[in-house]
Amino acid sequence: MQVRKGVLELCILNALAKDERYGYESSGLVAIPGLGVTEGTLYPLLSRLRVQNLISARLEESPEGPARKYYALTPQGKSDGDNE
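Notes on the structure follow. (Residues numbered from 1 in each chain as written. Predicted model: local features only at pLDDT ≥ 70, side-chain atom pairs only at ≥ 80, totals over all residues. Heavy atoms only, no water.)

## Re the sheet that holds strand β2 (residues 55–62)
A sheet is described by the order of its strands in space; here three strands give the open sequence β1-β3-β2, paired in antiparallel fashion. Of all the strands in the sheet, the pair left with one neighbour each is β1 (21–22) and β2. Two strands pair when backbone bridges link them, and β2 and strand β3 (residues 65–73) are joined in this way by seven bridges, in the antiparallel orientation. Paired with R58 across the bridge in β3 is Y70. (Pairing = 2+ DSSP bridges. Helix = DSSP H or I, 4+ residues; strand = E, 2+ residues; numbered from the N terminus.)

## A short note on the environment of S79
Residue position: S79 is located in helix α3 (residues 75–83). Since its relative accessible area comes to 34%, S79 is described here as partly exposed. Taking the C-alpha atoms as reference, S79 lies 9.1 Å from L54; in sequence the two are 25 residues apart. Looking at S79, its side chain comes within polar contact range of the main-chain oxygen of Q76, at 3.1 Å. (Buried < 20%, exposed > 50% of the residue type's maximum accessible area, 1.4 Å probe, protein only. Polar contact = N/O pair within 3.5 Å; in protein donor to acceptor, adjacent residues only side chain to side chain.)

## A few points about the pattern of salt bridges
In the structure shown here, the tally under the stated rule is three salt bridges. Salt-bridge contacts for E9 lead to R48; the nearest nitrogen and oxygen are separated by 3.9 Å. Of this pair, E9 sits in helix α1 (residues 2–15) while R48 sits in helix α2 (residues 39–51), and the two are 39 residues apart along the sequence. R48 sits in the partly exposed class, given a relative accessible area of 32%. Notably, a salt bridge pairs R58 with E60, separated by 2.8 Å at the nearest N-O pair. Owing to a relative accessible area of 34%, E60 belongs among the partly exposed residues under this scheme. Shared partners join several salt bridges into a network, and the residues in it are E20, R58 and E60. (Salt bridge = Lys/Arg side-chain N within 4 Å of Asp/Glu carboxyl O.)

## Some details on α1
The first and last C-alpha atoms of α1 sit 20 Å apart over 14 residues, in line with the 20 Å expected at 1.5 Å per residue. Restricting attention to buried positions, one finds in α1 the residues L8, E9, I12, L13 and A15. Burial along α1 is one-sided: seen end-on, the buried residues are contained in an arc of 160 degrees. For α1, the exposed residues lying more than 90 degrees away from the buried face are V3 and N14. Of the surrounding elements, those touching the buried residues of α1 are β1, α2, β2 and β3. (Expected span 1.5 Å × (residues − 1). Arc of directions from axis to C-beta. Contact = heavy atoms within 4.5 Å.)

## Let's talk about the nonpolar core
Counting 14 residues, the largest nonpolar core has I12, L13, L16, L46, L49 and I55 as the members making the most contacts within it. Looking at this core, the elements that each hand over two or more residues are α1, α2 and β3. Top contributing element to this core by residue count: α2, with four residues. Leaving out residues up to four positions away in the same chain, L13 has contacts with L49, L54, I55 and L73. (Core = buried A, V, L, I, M, F, W, Y, C linked by side-chain atoms within 4.5 Å.)

In structure tokens form, the structure reads like this:
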């Protein structure tokens, strides 16, 4: 279980390496068979990475519905990724 969590964290950090993204878009993991990524897995993980100051979050109004939360790497998240 811990290995899966670590893999998911690395995948999310890697997905955010070039640009900020929102929700499921931030992971790109939904389509990977066997990982079982759901909202119940993804959003707590994003929250944990934010608390660790590896990613930041901001809300942006959407003309097509509710506001979206966008995630981006922080400087610490970028440097931690370089050290791994």
